[in-house]
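Residue strings, one per chain:
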Amino acid sequence: MTTSLEHTDRLAAECIAKERRYGAPNYAPLDVVIARGEGVFVWDTAGNRYLDCISAYSAVNQGHCHPRIREALIDQSSRLTLTSRAVCNDRLGTFLEQLTRYCGQEMALPMNTGVEAVETAIKLARRWGYRVKGIPTERARIIVCADNFHGRTTAVISASSEPQYRADFGPYLPGFTIVPFGDLDALRSTLDETVCAFLVEPIQGEGGVNVPPSGYLTKAYALCREHDVLFIADEIQTGFGRTGARFALDHDGIAPDVLLVGKALGGGFYPVSAALASRSLLELFGPGDHGSTFGGNPLACEVARAAIAVTVEERLAENARDRGDELLHRLRAVRDERIVDVRGKGLLIGVEFDRSARPFAEALLAHGILAKETHECVLRIAPPLVLTQEQVSRIASAFESGLVAA
Ligand SMILES: *Cc1c(COP(=O)(O)O)cnc(C)c1O
């Protein structure tokens with residue numbers, strides 16, 4: 001007779017085998033098969049529980065299967081799910097009102113995935129460059145930062161400095177100039193009459209949880225003002241409370257010209273993204289200039305509305321700030337010569353090792369923590385923002401035990 005444990009282990013092996021056999025190998029997942037999630041926890045097919053410090057790259061800030069967001073999804077899914085924008089729907093207006101209010105912007109253009117919001121911003125910035133700034137046709141440039149991550153489309157990888165994202169995917173889209181992240185002189189020296197925008201992540205998530213020098217973003221913003229350049233903030237990963245404020249730029253008191261949101265806007269249920277800006281900017285788009293079949297659909301609107309409400313009412317930004325301070329403090333107290341740096345803000349924390357972080361991720365798995373390396377040597381720790389104090393301790397202790405085992 002097979003025990004239930006053997007049965008579920010076999011199930012996990014089957015799931016992994018099928019993924020590998022029928023799925024393109026464009027990811028290298030940890031050897032764990034997740035079957036259920038609730039709050040900060042997920043369970044594998046054998047019933048082992050893990051504290052999820054990946055949070056689907058910050059798409060699950062509100063915690064897995066949040067009941068209120070689930071309710072919104074179920075409710076709306078039995079009423080109306082998709083109309084396309086060929087007609088109006090009774091959910092979009094209220095969603096846009098609440099989203100713009102939360103984001104402190106006048107208007108929003110709803111899309112689905114994060115990279116679509118980035119694409120929207122690229123088109124918007126170029127159009128503004130030609131029609132308002134007066135950049136000569138086809139000459140508009142967007143300044144981006146080395147080690148950025150803005151997504152995976154051919155346009156967006158053209159703005160990447162990461163060889164792996166680009167190799168043999170050319171020809172690339174022209175019109176991007178890369179400057180080192182955190183380097184004001186480099187930014188200043190490239191700003192001229194052909195530059196329409198500076199596109200930046202306030203903290204580089206995928207790039208290794210890179211926090212810029214203090215004052216960098218404020219000065220970069222001032223430089224953009226001075227040179228009549230749009231400041232586009234990609235807060236797809238850092239938004240919705242992740243860094244201990246609504247948006248990471250709130251720490252610097254900056255209201256960007258264009259704000260890009262995604263990930264946690266969908267509450268972990270559904271892809272919802274948007275590019276937000278002033279009325280005068282977004283009115284540069286006319287009917288037919290840009291769009292998406294699924295963008296702004298009523299199901300997305302209701303899910304996102306609930307995701308925002310949970311973020312506000314459960315004070316997730318405040319909790320991320322407090323729990324993040326505690327966790328950063330605990331992790332910084334760990335003495336291990338393989339650790340090069342521990343950095344981050346709120347609950348977006350990176351531990352940099354002097355070697356591959358993968359064995360540490362695997363050791364943490366054995367201690368009931370899901371975490372994944374980014375950029376080889378950095379372990380990113382970004383749990384759902386509903387984390388409790390007791391769970392901070394759990395992560396810290398597991399981290400210490402994991403270090404011993406790795
Ligand atoms: C994840 C991410 C994106 C892309 O979002 P997708 O939904 O994967 O397209 C863009 N920018 C940043 C900063 C991200 O973290």
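Going by the structure above, here's the rest.
This section reports on the structure supplied with the text. Computed from a prediction, not measured in an experiment: that's the story for all the values here. (Residues numbered from 1 in each chain as written. Predicted model: local features only at pLDDT ≥ 70, side-chain atom pairs only at ≥ 80, totals over all residues. Heavy atoms only, no water.)

Remarks on the site of the ligand
Here is the rule: We call a residue near a molecule or strand when any one of its heavy atoms sits within 4 Å of it. N or O atoms closer than or at 3.5 Å make up a polar contact, with two conditions inside protein: a donor-capable atom paired with an acceptor-capable one, and, for residues adjacent in sequence, both atoms drawn from side chains. Every accessible area reported is derived by Shrake-Rupley at a probe size of 1.4 Å, with residue values counting cover from the shown protein chains alone. When residue character is reported, Ala, Val, Leu, Ile, Met, Phe, Trp, Tyr, Cys and Pro are called nonpolar, Asp, Glu, Lys and Arg charged, and the others, Gly included, polar.
Around the ligand, a shell composed of Thr 113, Gly 114, Val 115, Phe 149, His 150, Gly 151, Glu 201, Asp 234, Ile 236, Gln 237 and Lys 263 is seen. One of the backbone nitrogen or oxygen atoms of Gly 114 is found 2.8 Å away from an oxygen atom of the ligand. The contact in question runs from a nitrogen atom of the ligand to an N or O atom on the side chain of Asp 234, over 2.7 Å. Protein contacts shield 82% of the accessible area of the ligand, which totals 380 Å² for the unbound molecule. When its residues are assigned to classes, the shell around the ligand shows 3 nonpolar, 5 polar and 3 charged.

With respect to the side chain of Arg 91
Put simply, the test is: A run of H or I in DSSP counts as a helix once it spans at least four residues, and a run of E counts as a strand once it spans at least two, with each numbered from the N terminus. Two residues qualify as a contact provided that any one of their heavy atoms is within 4.5 Å of a heavy atom in the partner residue.
With respect to the helices and strands, the residue Arg 91 is situated in the loop between α3 (67–77) and α4 (92–103). Sequence-distant contacts of Arg 91, defined by excluding residues within four places in its chain, comprise Gln 76, Arg 79, Pro 298, Cys 301 and Glu 302.

Looking at the environment of Ser 78
Considering the arrangement of structural elements, one finds Ser 78 in the loop between α3 and α4. Each C-alpha atom of the pair Ser 78 and Leu 299 lies 9.7 Å from the other, and the pair is 221 residues apart in sequence.

Considering the pattern of salt bridges
Going by this rule: A pair is scored as a salt bridge if a Lys or Arg side-chain nitrogen falls within 4 Å of a carboxyl oxygen belonging to Asp or Glu. Buried means the residue's accessible area, taken with a 1.4 Å probe over protein chains only, is under 20% of the maximum for its type, while exposed means over 50%, and partly exposed covers the values in between.
Throughout the structure, instances matching the rule amount to 24 salt bridges. Two residues, Arg 20 and Asp 31, come together in a salt bridge whose shortest N-O distance is 3.4 Å. With Arg 20 in helix α1 (residues 4–22) and Asp 31 in the loop between α1 and β1 (34–38), this pair connects stretches of sequence that are 11 residues apart. Residues Arg 20 and Asp 31 agree in their burial class; the two are exposed. For Arg 355, the salt bridge is made with Asp 354, and the minimal N-O distance between the two is 2.7 Å. You can call Asp 354 partly exposed: its relative accessible area is 45%.

Comments concerning the packing of aromatic side chains
Note the cut-off: Two rings from Phe, Tyr or Trp (for Trp, the six-membered ring) form a pair when their centres are within 6.5 Å of each other. A pair whose planes differ by under 30 degrees is stacked, one over 60 is edge-to-face, and the rest are tilted. We call a charge positioned above a ring when the Lys NZ or Arg CZ atom is no farther than 6 Å from the ring centre and deviates by at most 35 degrees from the ring normal.
Using the criterion set out here, one finds 9 aromatic pairs in the structure. Note on Tyr 102 and Phe 247: the rings are 5.7 Å apart at their centroids and 70 degrees apart in plane angle, and the pair reads as edge-to-face. Here Tyr 102, found in helix α4, pairs with Phe 247, found in the loop between β8 (230–234) and β9 (258–261); they are 145 residues apart in sequence, far enough to count as distant. Residues Phe 240 and Phe 247 carry aromatic rings whose centres are separated by 5.6 Å and whose planes lie at 65 degrees to one another, so their mutual orientation is edge-to-face. By the burial criterion, Phe 240 is buried, and Phe 247 matches it. The lysine or arginine in question, Arg 36, covers the ring of Trp 43, its NZ or CZ lying 4.0 Å from the ring centre. If you follow Arg 152 out to its NZ or CZ, it ends over the ring of Tyr 165, 4.4 Å from the centre.

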